[in-house]
Amino acid sequence: MTRQPLNLLDHLHQTILQFLNPFTASLSQARQAHAQILKTGLSSDTNLTTKLLSLYANNLCFDDANFVLDSISEPNLFSYSTLIHAFAKLNQFSHALGLFSQMLSRGLVPDSFLFPSVVKACAGLPASKAGKQVHAIASVSGLASDSFVQSSLVHMYIKCDQIRDARKLFDRVPQRDVIICSALISGYSRRGCVDEAMQLLSEMRAMCLEPNVVLWNGMIAGFNQSKLYADTVAVLQKMHSEGFRPDGSSISSALPAVGHLEDLGMGIQIHGYVVKQGLGSDKCVVSALIDLYGKCACSFEMSQVFHEMDQMDVGACNALVTGLSRNGLVDNALEVFRQFKDQGMELNIVSWTSIIASCSQNGKDMEALELFREMQVEGVEPNSVTIPCLLPACGNIAALMHGKAAHCFSLRRGISNDVYVGSSLIDMYAKCGKIRLSRLCFDEMPTRNLVCWNAVMGGYAMHGKANETMEVFRLMQRSGQKPDFISFTCVLSACSQKGLTDEGWYYFNSMSKEHGLEARVEHYACMVTLLSRSGKLEEAYSMIKQMPFEPDACVWGALLSSCRVHSNVTLGKYVAKKLFNLEPKNPGNYILLSNIYASKGMWSEVDRVRDKMKSLGLRKNPGCSWIEVKNKVHMLLAGDKAHPQMNQIIEKLNELSSEMKKSGYFPNTHFVLQDVEEQDKEQILCGHSEKLAVVLGLLNTPPGSSLRVIKNLRICGDCHAVIKFISSFEGREISVRDTNLFHHFKDGVCSCEDYW
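Residues numbered from 1 in each chain as written. Predicted model: local features only at pLDDT ≥ 70, side-chain atom pairs only at ≥ 80, totals over all residues. Heavy atoms only, no water.

**Student:** Break down the side chain of Ser325 for me, citing the residues and quoting the values.
**Tutor:** Along the chain, Ser325 falls in helix α19 (residues 314-326). A polar contact is formed between the side chain of Ser325 and the side chain of Ser358, at a distance of 2.5 Å. Every residue in contact with Ser325, bar those within four places of it in the chain, is listed here: Ala333, Ser358 and Asn362. (Helix = DSSP H or I, 4+ residues; strand = E, 2+ residues; numbered from the N terminus. Polar contact = N/O pair within 3.5 Å; in protein donor to acceptor, adjacent residues only side chain to side chain. Contact = heavy atoms within 4.5 Å.)

See the structure below:
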């Protein structure tokens, strides 16, 4: 290459330097300057190449930056430091560590200015092993005693969850300051080490170092993160009593703890402080106040705080929607969400996930599915929190295709191995009648927690597979996972579905004897169901009387349900009175007692119970069933006339009824608990929602394909018999999930073996 005259090179050098001004240079100017450097042979000029490196890194052009570095024949420490500093500043920690390793391989020795950036990269990943190697290099090079290096190393060990190593290094630091003390105290706080945090606070004061607001905030946020809510509030009070003024960060970190404690009085005091100190414009504080009032069931105050905001904020919107849903006001939450969307609010993934969770948790499963589709149309991508919120809605109404779509999405995003996503998939497939797919999801999970084990056991119990439930329970124990209260609820429920009395007693007694767990009310409810369903009503009643605590409505309800099965009027009347006191507004208890009377033909008593319901303004919950046909979920009510295919459904039902009578089956009008004519009773039976759903499936699916139906009440005996016949006559596998378990019908036989 021809050398340019010296004065021309000087001019070019000055021009290129102007192009590389870090405050004014654009990316295009940097590239023009780079071209000039290559053209004029100035790539050996360290000043120019260093500025170019910095510009490329700040513009996230890492390939260009690495190209410049590689083009330098003898890069020095300053060249590497410039790029490593930039990478660490931009949180490109892997790039920073890669360059540091390359620098060491060239024999360059880092200085005290470079180490903090490298240590920051180790902390940001976090990579404790690499951090310890960097610590060793600092010690060998004699820089480990530098105060900046020591401070960064302490921070690194804390962020890498190596609190003991952080403390060892902290104890060797000769001159400690508030910053390094605050870091370690915050680290202790985040790990719930209350005594260690308070002890270090005392030691700090002994060193004549006074805490600042940052330190107090670190303790408050740390204790709240560790779910030490009482300690969180205590630290806020201590901070205030010692003359420090809590700021927005202090308040927004403490309010969630107050909410979890449901300490409304403390919340009102803090709200007063917020008003007095003029913190009402802090968006985080406002969101935390809304969340607090939501947790304390103060819907009016929650809405009032929101409407007093100067400027609408998405965080406050999310808190309001969640708060309304938490208090059962899901319709209000939906309305508010729609208003925010219509007003052009930029709703984020938290917003969408919150409203989807609200719907799926409050019986609005169809709305949850629709919102999920709408969210994707809006370009908001679901995450590992959204999917577990959506899947229960799919399971609740057996929307299998929607559940499979969510599963495929989680596979594409690489989040299917997340234990919460995995356990939700296990539960969804089980509720959709696909217990084999449920088990497959469980078997393919790389890591399992207790939630996963309980999900698969709960699925087997729901399907009446007691042996499989007990086998998974034993497998869980062999894996080293300890069962909890839910685990025993699953296995006892499975025993009750099959009438396995001896096995039920074994697991019930082993809770305290082998596992140190005292039986809770749900375990007693399972045992009462197990005993009373098998005809041992007096034994079940005796067990209730011997309970170490007051039986709740769930326990008495289990016994009343069995009194209905066995038509026990005397015990049923007594149990019903208990339930009327515990749940005066629950119509189901009145219906059960009415049905017990009706089963004995005691129509005057039936009328008396029905009149009582009317006087209390109670109505029977209508039977409702769901079936998914061609990716669309249909809902049918008992006696439904509104469905567009109802005429075809009735016609098909009549055809089936005729075939059934030819084969010797006649409707079991014993299950119509009303004082009407036999012909009317037959008509009533034809209108049961599960029959309507099954026939809708027959009309709209290919011959031989399986059907899945969900019902909100227990399946009636006549419907059970009819669907058995249909499964044989039509050659279909039909699954019906009622409130108790799954009934799998095939070739005229049900998986429950008619024990239900």
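**Student:** Could you give an account of empty space enclosed by the protein, with specific residues and numbers?
**Tutor:** Applying the stated rule across the entire model yields 2 cavities of 30 Å³ or more. Its boundaries defined by the atoms lining it, the largest cavity holds a volume of some 40 Å³. His463, Gly464, Gln497, Lys498, Leu741, Phe742, Ser751 and Cys752 are the residues that line the largest cavity. Taken together, the residues of the lining of the largest cavity sort by class into 3 nonpolar, 4 polar and 1 charged. (1 Å grid on protein atoms, 1.4 Å probe; cavity = no way out; pocket = protein on both sides within 12 Å on 5 of 7 lines; lining within 4 Å. Points joined across faces, edges and corners; volume = space filled by probe spheres on them. Nonpolar A, V, L, I, M, F, W, Y, C, P; charged D, E, K, R; others polar.)

**Student:** Mind laying out the packing of aromatic side chains, listing which residues take part and the relevant values?
**Tutor:** Where two aromatic rings form a pair, the distance of their centres and the angle of their planes describe that pair. This structure, assessed with the given rule, holds 16 aromatic pairs. Summarising the aromatic geometry, the rings of Phe337 and Trp352 are spaced 5.0 Å apart at their centres and angled 75° between planes, so their arrangement reads as edge-to-face. Of this pair, Phe337 sits in helix α20 (residues 330-342) while Trp352 sits in helix α21 (residues 349-361), and the two are 15 residues apart along the sequence. Aromatic pair Tyr541 and Tyr574: ring centres 5.7 Å apart, planes at 80°, arrangement edge-to-face. Linking Tyr541 in helix α32 (residues 537-545) with Tyr574 in helix α34 (residues 569-582), this pair joins segments that are 33 residues apart in sequence. According to the relative accessible area criterion, Tyr541 is buried, its value standing at 15%. For Tyr574, a relative accessible area of 36% corresponds to the partly exposed category. Within the aromatic cluster, the residues linked to one another by ring pairs are Phe473, Phe488, Tyr506 and Tyr507. A cation over an aromatic ring shows up here: Arg448 above the ring of Phe442, its NZ or CZ 4.2 Å from the ring centre. Positioned over the ring face of Phe485 is Arg520, at 3.5 Å from the centre of the ring. (Phe/Tyr/Trp six-rings, centres within 6.5 Å; stacked < 30°, edge-to-face > 60°. Buried < 20%, exposed > 50% of the residue type's maximum accessible area, 1.4 Å probe, protein only. Lys NZ or Arg CZ within 6 Å of the ring centre and 35° of its normal.)

**Student:** An account of the layout of surface pockets is requested, with residue identities and associated values reported.
**Tutor:** Quantified by volume, the second largest pocket comes out at close to 480 Å³. In terms of lining residues, the second largest pocket is bounded by 18 residues, among which Gly433, Ile435, Glu733, Ser735 and His744 are the most central. Those elements that place two or more of their residues in the lining of the second largest pocket are α26 (435-443), β3 (707-711), β4 (734-737) and β5 (742-746). Here the residues of the lining of the second largest pocket are counted per class, giving 6 nonpolar, 6 polar and 6 charged.

**Student:** Let's hear about the pairing of β3: which residues, and what values?
**Tutor:** The buried fraction of β3 is high, at 5 of 5 residues. Of the two faces of β3, both are covered, the one formed by Leu707, Val709 and Lys711 as well as the one formed by Arg708 and Ile710. Here 3 bridges tie strand β1 (residues 624-629) to β3, and the two strands are oriented antiparallel to one another. In the strand pairing of β3, Ser625 is matched with Lys711. For the segment spanning β3, helix α40 (residues 717-729) and β4, crossover handedness is right-handed. (Pairing = 2+ DSSP bridges. Right-handed = clockwise from strand over helix to strand, strands pointing away.)

**Student:** Describe the sheet that holds β4, naming the residues involved and giving the relevant values.
**Tutor:** Pairing within the open sheet is mixed, and its 6 strands lie in the order β2-β1-β3-β4-β5-β6. Looking at the sheet topology across the chains shown, the edges are occupied by β2 (632-637) and β6 (749-750). In this structure, β4 lies alongside β5, joined through 4 bridges in antiparallel fashion. Within the sheet, the bridge partner assigned to Val736 lies in β5 and is His743.

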